[in-house]
Amino acid sequence: MEITEEASNNARLQAAARFKAFMTKNSTKTNLNLYDHLLRLLTKVMDERPENAVDVIEDMSRELKGSILQEKQDTLRDSPSSSAAVLLAEQQKALFTRAAGDEGDHEEDLVESPLPNVAELAFFFEQAGVGLGREEMHRVFLALKQLVDSQCLLRCRFWGKIFGTHSNYLVAEGEYREGEGEEEEGTETHEDEEREEEPREDKDETELVEAADPPPKSTYKPPPPVPKEENHTGVNKYTYFVCHEPGMPWVRLPMVTPAQITVARQIRRFFTGRLDAPVVSYPPFPGNEANYLRAQIARISAGTHVSPLGFYQFGEDEGEDDGLRDSYEENPNFEGIHVNEMAESLNLWVHHVQHILTQGRCVWVNVTKKSADDVDEDAEDEERGEESDEPEPEVGPPLLTPLSEDAKINDTLPWCAMISSNLIPQFSIAVLRSNLWPGSYAYASGRKFGNIYIGWGMKYIGEAYTPTILPPPQNEYPSGPEITEALDPSVEEEQALKAALEEQTAALEETEDLEEDEEEDD
């Protein structure tokens with residue numbers, strides 16, 4: 001009897017061992033075993049003691065298995081970072097929050113605010129099929145409010161959008177209040193002076209080499225640089241700010257120089273979206289992409305910013321000629337022009353931005369005019385009768401010139417005028433599109449008008465672009481008889497030359513002997 005019970009116990013122990021071995025066998029999919037999972041599940045049930053445990057045990061089992069797998073998965077790969085859209089949304093979140101000080105604004109402050117009505121601009125251009133969409137325009141509206149609150153601007157408006165290969169530019173045009181914003185970004189440092197002083201350590205060796213064999217000196221004199229126009233005048237009349245997306249910080253563009261406008265007219269280059277990107281071109285552009293962007297904005301504004309005839313007028317106090325006037329004022333008696341007339345005749349549209357001359361300025365300046373020091377240096381030339389030819393002043397079309405006088409490019413009309421809708425003409429607006437600067441539009445409706453540019457910042461040239469040809473290389477040395485290649489002389493010619501040189505030497509020696517004898521006799 002005892003042997004039978006002992007055998008039965010051993011059989012049960014062996015069966016339990018085989019059952020435990022079966023339960024501890026790992027799965028081929030999840031690398032888990034049933035024994036450990038049941039043990040964790042029962043421990044979880046005893047710790048949490050949920051109501052109706054039998055009903056929720058399947059969910060608890062699935063949650064427990066998922067947590068174990070997630071822990072192992074986290075050790076293999078990092079959690080995904082926030083996407084670019086999420087980061088942009090975090091930056092734009094500040095646009096939709098109202099500042100604490102804005103709650104007490106008065107109506108007078110709202111009237112005097114330079115914040116433009118971008119919603120109205122988007123409404124009119126939407127009828128012409130132009131714009132950025134309501135959502136983006138609303139964000140631009142809030143971004144301009146952020147700019148106006150941070151800058152002491154007298155006027156501000158949404159200029160447009162310029163596309164880039166990596167990112168785009170939203171452009172705002174502003175005018176500072178009197179006495180504000182006069183400082184220039186890109187101030188000069190003394191790094192260039194230090195770089196010029198560094199090579200002076202080896203100057204002594206260089207001077208010795210030059211004294212033994214002086215190198216030729218160049219006679220080339222570069223043309224005098226054209227001075228840039230001052231702030232609040234000419235091409236620098238307005239200040240421009242750019243940002244990549246609404247909510248990002250606005251960056252103030254530097255003032256533009258005539259050299260930058262001149263080179264920008266000769267090159268064609270897409271924007272990258274990085275203001276510090278170098279502009280690799282020929283002719284070399286004097287600056288980076290921020291300067292190139294500012295030059296293109298000045299060119300687009302001078303060529304495409306238009307208004308209805310009679311909306312602006314010259315002040316009565318101004319006694320200057322039309323070609324030299326650079327300011328105007330709004331006509332309070334302007335009542336508007338019918339939409340059909342605006343769409344049929346370009347004579348009813350005028351330019352209200354000064355034309356940029358070939359010199360790169362709006363007002364011509366004589367760069368050959370010499371200073372007092374130069375006059376003293378060139379006094380001898382004037383005594384000889386050399387009169388310098390004074391260049392003729394360049395005069396461009398005056399302000400408020402009709403668009404009908406704009407020049408064509410290869411028989412391409414510079415402008416196209418139309419109405420926004422032929423089906424409902426009583427509610428339509430006049431729309432003007434530039435063919436020379438694709439992406440530039442203007443509208444007019446009663447006493448209201450607007451300008452906008454949405455494009456790549458490239459001008460239509462009417463033909464395939466041909467880069468500027470490199471100048472021919474300069475001659476290394478002047479040609480003359482001493483370096484001109486000639487035929488070798490014959491033996492007879494060499495002997496005759498040798499005899500002539502010997503006779504000449506002998507004659508010189510006899511002359512010297514005679515002079516010495518005469519000195520001794522004296």
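Parameters and conventions
Residues numbered from 1 in each chain as written. Predicted model: local features only at pLDDT ≥ 70, side-chain atom pairs only at ≥ 80, totals over all residues. Heavy atoms only, no water. Helix = DSSP H or I, 4+ residues; strand = E, 2+ residues; numbered from the N terminus. Buried < 20%, exposed > 50% of the residue type's maximum accessible area, 1.4 Å probe, protein only. Patch = residues over 30% accessible without salt bridge, like charges linked within 9 Å, V, L, I, M, F, W, Y side chains within 5 Å. Areas by Shrake-Rupley, 256 points an atom, 1.4 Å probe, with all protein chains shown as cover. Salt bridge = Lys/Arg side-chain N within 4 Å of Asp/Glu carboxyl O. Lys, Arg positive; Asp, Glu negative; His and termini not counted. Charge placed at Lys NZ, Arg CZ, Asp CG, Glu CD. Pairing = 2+ DSSP bridges. Contact = heavy atoms within 4.5 Å. Axes fitted to C-alpha atoms, helices over the stretch in contact; angles between N-to-C directions. Phe/Tyr/Trp six-rings, centres within 6.5 Å; stacked < 30°, edge-to-face > 60°. Lys NZ or Arg CZ within 6 Å of the ring centre and 35° of its normal. Core = buried A, V, L, I, M, F, W, Y, C linked by side-chain atoms within 4.5 Å. 1 Å grid on protein atoms, 1.4 Å probe; cavity = no way out; pocket = protein on both sides within 12 Å on 5 of 7 lines; lining within 4 Å. Points joined across faces, edges and corners; volume = space filled by probe spheres on them. Nonpolar A, V, L, I, M, F, W, Y, C, P; charged D, E, K, R; others polar. Polar contact = N/O pair within 3.5 Å; in protein donor to acceptor, adjacent residues only side chain to side chain. UniProt positions renumbered as here; feature names shortened; annotations may be inferred. Arc of directions from axis to C-beta.

By the naming in an unreviewed UniProt entry, the protein goes by Radial spoke head protein 6 homolog A-like and is assigned to Sinocyclocheilus anshuiensis.

Next up on the list: the environment of A259. Among the secondary structure elements, A259 is positioned in helix 10 (residues 258-264). Using a relative accessible area of 43% as the deciding quantity, one classes A259 as partly exposed. For A259 and P225, which are 34 residues apart along the polypeptide, the C-alpha to C-alpha distance reads 8.0 Å.

Where like charges cluster on the molecular surface, the negative patch consists of E509, E510, E512, D513, E515, E516, D517, E518, E519, E520 and D521. Note on placement: E509 falls in helix 15 (residues 491-521). Residue E509 is classed as partly exposed on the basis of its relative accessible area of 46%.

Next up on the list: the sheet that holds strand 3 (residues 239-243). Pairing is mixed in the open sheet, where eight strands are placed in the order 4-3-2-1-12-11-10-9. Edge positions in the sheet fall to strand 4 (251-252) and strand 9 (415-419), since each of these pairs with one other strand and no more. Sheet topology note: the strand 2 (residues 169-176)/strand 3 ladder contains five bridges and is antiparallel. The partner of G174 across the bridge, within strand 3, is T239. In the packing of helix 6 (residues 118-127) onto the sheet, the strands contacted are strand 1 (153-162), strand 11 (440-445) and strand 12 (448-455), and the crossing angle to strand 12 comes to about 80°.

Given two aromatic rings, their pairing is described by the distance between the two centres and the angle made by the two planes. One pass over the structure, following the stated rule, counts 15 aromatic pairs. Geometrically, the ring pair formed by F271 and Y292 is tilted, given 5.0 Å between the ring centres and 35° between the ring planes. Taken together, the positions of F271 in the loop between helix 10 and helix 11 (289-304) and Y292 in helix 11 put the pair 21 residues apart, joining distant regions of the chain. For the residue pair F271 and Y292, the accessibility class agrees, reading buried in each case. By way of ring pairs, the aromatic residues F311, Y312, Y328, F334 and F449 are connected into one cluster. Above the ring of Y328, the side-chain terminus of K237 is found at 5.2 Å from the ring centroid.

Another point: the nonpolar core. Membership of the largest hydrophobic core comes to 31 residues, with the highest contact counts inside it found for W159, I162, Y169, L253, L293 and I297. It is helix 11 that contributes the most residues to this core, eight residues altogether. Each residue touching I162, except ones within four places of it in the same chain, is listed here: N168, Y169, F271, L293, I297, Y453, G455, W456 and G457. Ranked by size, the runner-up nonpolar core spans 28 residues in total, among them L121, L147, Y176 and W250.

Moving on to empty space enclosed by the protein. Scanning all chains against the criterion turns up three cavities of 30 Å³ or more. Space inside the largest cavity adds up to approximately 60 Å³. Forming the boundary of the largest cavity are N231, N236, Y238, T239, Y240, R252, L253, P254, M255 and R294. Class assignment of the residues belonging to the lining of the largest cavity gives a composition of five nonpolar, three polar and two charged. If you go around the second largest cavity, the residues you meet are P308, F334, I337, V339, M342, A430, A444, S445 and G446. Breaking the lining of the second largest cavity down by element, the ones donating at least two residues are helix 12 (339-344) and strand 11. Counted by class, the lining of the second largest cavity contains seven nonpolar, two polar and no charged residues.

Attention now moves to the side chain of N435. Along the chain, the position of N435 falls in the loop between strand 10 (430-434) and strand 11. A distance of 2.7 Å separates a polar side-chain atom of N435 from the backbone oxygen of L413. When sequence neighbours within four positions are dropped, the list of residues in contact with N435 reads T412, L413, P414, W415, C416 and Y460.

Under the UniProt annotation, the feature "coiled-coil region" (unreviewed entry) is placed at residues 491-521. The span residues 491-521 is 100% helix and 0% strand, and its two end C-alpha atoms sit 45 Å from each other.

The next subject is helix 6. Turning to helix 6, its buried residues are V118, L121, A122, F124 and F125. Buried residues along helix 6 cover an arc of 170° about the axis, so they all sit on one side. In this fold, the buried residues of helix 6 make contact with helix 7 (134-150), strand 1, strand 11 and strand 12. At the exit of helix 6 stands G129, carrying a positive phi of roughly 75°.

Any empty space left between the atoms is revealed when a probe the size of a water molecule rolls over them. Of the pockets and cavities examined, the largest pocket occupies roughly 1,400 Å³. Taken together, 46 residues make up the lining of the largest pocket; nearest its centre are R155, R157, E173, Y312 and F449. For the lining of the largest pocket, the elements supplying multiple residues, two or more each, are helix 5 (107-112), helix 6, strand 1, strand 2, helix 11 and strand 12.

Within strand 10, four of the five residues are buried, which leaves the element mostly enclosed by the surrounding structure. Bridge count between strand 9 and strand 10: five bridges; the pairing is antiparallel. The residue bridging I419 from the neighbouring strand is A430, located in strand 10. Pairing geometry for strand 10 and strand 11, over four bridges, is antiparallel. Considered in strand 11, the bridge of V431 is made with Y443. The antiparallel pairing of strand 10 with strand 11 creates a hairpin that spans five residues between the two strands, and G439 there sits at a positive phi of about 110°.

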